[in-house]
Amino acid sequence: METSLRYSPNSRSLRIHAKEKLPVNSKTRLQLHGELDTRAGALSYLCAMIRHFFHEDSTNVGVGLHYDKSEKLRGFVRGKKKFPVRSDNLVTFNVKGRCDFDQEFNQRNPKGAAEFDLNIWKFEKDQDLRLRVGYEVFDKVPYMQIRENNWTLNTNLKGKWNVRFDL
């Protein structure tokens, strides 16, 4: 099980996130994750999805259900495709998309992004680094991510940010 501590100014509380990936077969897995809001002392998010990987094409697709404390049960579909920029895969160009929808398929919330990843292994002794810069197409906002081993900082040009520590 993967666990992390997360904080963002939007929630103004520390959240504990847990994720479990259960293999269905060599290319498919059931992914379950949830989040506990430590201020409210209650679950704030639950999700279950089936993800299928096309390893030879560096592509994955997923479909699932999620429940947020402020919303009803919603469904979603998502996909991601990686294009290597260099032969060693340390630099990739990624295209990803997602669409959330309500139970009646009336209210849809599309998201899509294009991004570059730069992975630097052994940046310093026992330290790996990933830099990501991207553009969210539907919100029309650039974003970036800096990940160093267990720490991740996400931010965008609208001033939103969050930080995560993987346990």
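Our structure's up above, just so we're on the same page.
This is a predicted model, so every value here is computed, not measured.

Draft legend 1. How the structure looks around the environment of Asn109. Following the sequence through the fold, Asn109 ends up in strand S8 (residues 108-124). For the pair Asn109 and Arg98, spaced 11 residues apart in the sequence, the C-alpha separation amounts to 8.2 Å. If we ignore the near neighbours within four places in the chain, the residues touching Asn109 are Arg74, Arg98, Cys99 and Asp100.

Draft legend 2. View of the sheet that holds strand S10 (residues 141-148). Here we have 12 strands rolled up into a closed barrel, ordered S1-S2-S3-S4-S5-S6-S7-S8-S9-S10-S11-S12, and antiparallel in their pairing. On average, each strand axis in the sheet is inclined to that of its neighbour by 20 degrees, with strand direction left out of account.

Draft legend 3. Representation of the side chain of Thr59 in the model. The residue Thr59 is located in strand S5 (residues 59-68) in this model. Polar contacts involving the side chain of Thr59 include one to the main-chain carbonyl oxygen of Asp57, which spans 2.9 Å. With residues up to four places along the chain from it excluded, the contact list for Thr59 reads His52, Phe53, Phe54, Lys80 and Lys81.

Draft legend 4. Spatial organisation of the state of the cysteines. Applying the stated criterion across every chain yields a total of zero disulfides. Here Cys47 is not disulfide-linked; the sulfur of Cys99 is the nearest cysteine sulfur, at 15 Å. On the basis of relative accessible area, Cys47 is assigned to the buried category, the value being 7%.

Draft legend 5. Region of interest: the pattern of salt bridges. Applying the stated criterion to the full structure yields 12 salt bridges. With a shortest N-O distance of 3.0 Å, Arg15 and Glu35 are connected by a salt bridge. On the criterion of sequence distance, the pair formed by Arg15 in strand S2 (residues 15-25) and Glu35 in strand S3 (residues 28-37) is long-range, its members being 20 residues apart. The pair formed by Arg15 and Glu35 is uniform in burial state, with each residue classed as buried. One salt bridge connects Asp37 with Lys69, and the closest N-O pair in it is separated by 3.3 Å. You can see Asp37 sitting in strand S3 and its partner Lys69 sitting in the loop between S5 and strand S6 (73-84), a full 32 residues away along the chain. By relative accessible area, which is 3% here, Asp37 ends up buried. Within the structure, one salt-bridge network assembled from shared partners comprises Lys96, Glu115, Asp117 and Arg132.

Conventions adopted
Residues numbered from 1 in each chain as written. Predicted model: local features only at pLDDT ≥ 70, side-chain atom pairs only at ≥ 80, totals over all residues. Heavy atoms only, no water. Helix = DSSP H or I, 4+ residues; strand = E, 2+ residues; numbered from the N terminus. Contact = heavy atoms within 4.5 Å. Pairing = 2+ DSSP bridges. Axes fitted to C-alpha atoms, helices over the stretch in contact; angles between N-to-C directions. Polar contact = N/O pair within 3.5 Å; in protein donor to acceptor, adjacent residues only side chain to side chain. Disulfide = S-S within 2.5 Å. Buried < 20%, exposed > 50% of the residue type's maximum accessible area, 1.4 Å probe, protein only. Salt bridge = Lys/Arg side-chain N within 4 Å of Asp/Glu carboxyl O.

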